[in-house]
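Now for the letters of each chain:
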Amino acid sequence: SMSSYKLAGLYSSLAIDLRNAPKPKGLSGDDMATYSQIIGQQAQPLDELAAELHLSNIERAWSGDFNEWIDKSFEQLQKLQPQRFNKNEVVVSYGDAIR
């Protein structure tokens, strides 16, 4: 649904904004690495919530529902989880070769 799609978009935006927030000045290289790691850990649950909302949206297609919001959620999952949702399927038709 539109609400699931938009809510997932908010979670994704929050995760991106958190990762892109200005870094504190004066940190050593090690401290900056630790800071970045902590920020990444804080943003990860937001990414997961966004993916869960998009996934719940596309699961509606299995019950016969399909609309632009389900399609848009699928497009976002291709970006959020490309290893799972950005695969190219190869269709082979054996009947065409038999004559």
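Everything discussed here concerns the structure shown above.
Conventions adopted
- Per-chain numbering applies: the sequence of each chain, read as written, is numbered from 1 onward.
- Owing to the predicted nature of the model, reporting of local features is limited to residues with pLDDT of at least 70; listing and counting of side-chain atom pairs is limited to 80 or more, with chain, interface and lining totals taken over all residues.
- Water and hydrogen atoms play no part in the side-chain values, which are based on all heavy atoms of the structure.
- The secondary structure listing takes helices from DSSP runs of H or I that are at least 4 residues long and strands from runs of E that are at least 2 residues long, numbered from the N terminus.
- Exposure is judged per residue with a 1.4 Å probe applied to protein chains only, and the accessible area is read against the type maximum: over 50% gives exposed, under 20% gives buried, and values in between give partly exposed.
- Contacts were defined at the residue level, with two residues in contact if any of their heavy atoms lie within 4.5 Å.
- Expected helix span is given by 1.5 Å per residue-to-residue step, counting one fewer step than there are residues.
- In this description, one arc is meant: the one made by directions from the helix axis to the C-beta atoms.
- A side-chain nitrogen of Lys or Arg and a carboxyl oxygen of Asp or Glu constitute a salt bridge if their distance falls within 4 Å.

### Things to note about the environment of D47
With respect to the helices, strands and loops of the structure, D47 is situated in helix α2 (residues 29-59). Accessibility expressed as a relative area gives 18% for D47, which makes it buried. Apart from residues no more than four positions distant in its own chain, D47 is found in contact with A15 and R19.

### With respect to helix α1 (residues 2-20)
Spanning 19 residues, α1 covers 27 Å between terminal C-alpha atoms, matching the ideal 27 Å at 1.5 Å per step. The set of residues buried in α1 consists of S4, Y5, A8, S12 and A15. In a view along the axis of α1, the buried residues occupy a sector of 95°, so they form one face of it. Across α1 from its buried face, at more than 90 degrees, point the exposed residues S3, L10, D17 and N20. Buried-residue contacts for α1 involve α2 and α3 (68-80).

### With respect to the pattern of salt bridges
In this structure the tally under the stated criterion is two salt bridges. Between D47 and R19 there is a salt bridge; the shortest N-O distance is 2.6 Å. One end of the pair, D47, is in helix α2; the other, R19, is in helix α1, with 28 residues separating them in the sequence. On the basis of relative accessibility, which here comes to 31%, the residue R19 falls in the partly exposed class. K72 serves as the salt-bridge partner of E68, at 3.7 Å between the closest nitrogen and oxygen. Of this pair, E68 and K72 both sit in helix α3, four residues apart, roughly one helical turn. For K72, a relative accessible area of 28% puts it in the partly exposed group.

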